[in-house]
Amino acid sequence: MTQNQSETMKPETKKLRHVVLFKFKSTSSAEDIASVKDAFSNLPNEISQIKDYEWGINNSPEGLDKGFTHCFFVTFDSEEDRAIYLPHPAHKAFVSVLEPHLDDVLVIDYWANEK
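Rules behind the numbers
Residues numbered from 1 in each chain as written. Predicted model: local features only at pLDDT ≥ 70, side-chain atom pairs only at ≥ 80, totals over all residues. Heavy atoms only, no water. Helix = DSSP H or I, 4+ residues; strand = E, 2+ residues; numbered from the N terminus. Buried < 20%, exposed > 50% of the residue type's maximum accessible area, 1.4 Å probe, protein only. Areas by Shrake-Rupley, 256 points an atom, 1.4 Å probe, with all protein chains shown as cover. Salt bridge = Lys/Arg side-chain N within 4 Å of Asp/Glu carboxyl O. Polar contact = N/O pair within 3.5 Å; in protein donor to acceptor, adjacent residues only side chain to side chain. Contact = heavy atoms within 4.5 Å. Arc of directions from axis to C-beta.

**Concerning the overall build of the protein chain**
Alright, step 1. Counting its regular elements, the protein chain contains four helices and four strands.
Alright, step 2. In sequence order, the secondary structure elements of the protein chain are arranged as α-β-α-β-β-α-α-β.
Alright, step 3. Taking all 115 residues of the protein chain together, the buried fraction comes to 30%.
Alright, step 4. When the accessible surface of the protein chain is summed, it comes to about 7500 Å², and 52% of that surface belongs to carbon and sulfur atoms.

Below you can see the structure in the form of structure tokens.
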């Protein structure tokens, strides 16, 4: 494969990553947090523009998390797909589950670079 062919393929293989970190209120119970996780985890079933999804709980020993405990990682093929996701009724319904328990949120979107 020539370099020009490789460069031509890159836009098709690049993925838009949407990283969301949550810091929950101290008053939120484990059940409350589980309901948020479950609601977020259901979004790929309701929004076809989500191409991949994963989540996890912080376990870093560095102590730099600033109280953020949960990370959600959503993948889109395009900015257009993300633009459909953000105002989507299922996403808005998820936000209504989240809001009573949210102390802080950090969102970063980026185009994944290949190795």
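**Describing the pattern of salt bridges**
Oppositely charged side chains are able to pair whenever their charged atoms sit close together.
Alright, step 1. Throughout the structure, instances matching the rule amount to four salt bridges.
Alright, step 2. In this structure, D109 and R82 form a salt bridge, with 2.9 Å as the shortest nitrogen-oxygen distance. With D109 in strand β4 (residues 102–111) and R82 in helix α3 (residues 79–85), the pair connects residues that are 27 residues apart, well separated along the chain.

**Some points on the side chain of S28**
Alright, step 1. The residue S28 is located in the loop between β1 (16–24) and α2 (30–46) in this model.
Alright, step 2. The buried category is assigned to S28, whose relative accessible area is 12%.
Alright, step 3. Within the local environment of S28, its side chain forms a polar contact with the side chain of H101, the two groups lying 3.0 Å apart.
Alright, step 4. Non-local contacts of S28, meaning those with residues more than four positions away in its chain, are made with I33 and H101.

**A closer look at the side chain of T75**
Alright, step 1. Looking at where T75 falls in the secondary structure, it is placed in strand β3 (residues 70–76).
Alright, step 2. Given the relative accessible area of 2%, T75 is considered buried.

**A closer look at helix α4 (residues 89–98)**
Alright, step 1. Within α4, the full set of buried residues consists of A90, H91, F94 and L98. Projection of α4 onto a plane perpendicular to its axis shows the buried side chains occupying an angular sector of 100°, all on one side. Across α4 from its buried face, at more than 90 degrees, point the exposed residues P89 and K92.
Alright, step 2. Looking at the packing, one finds that the buried side of α4 touches β1, α2, α3 and β4.

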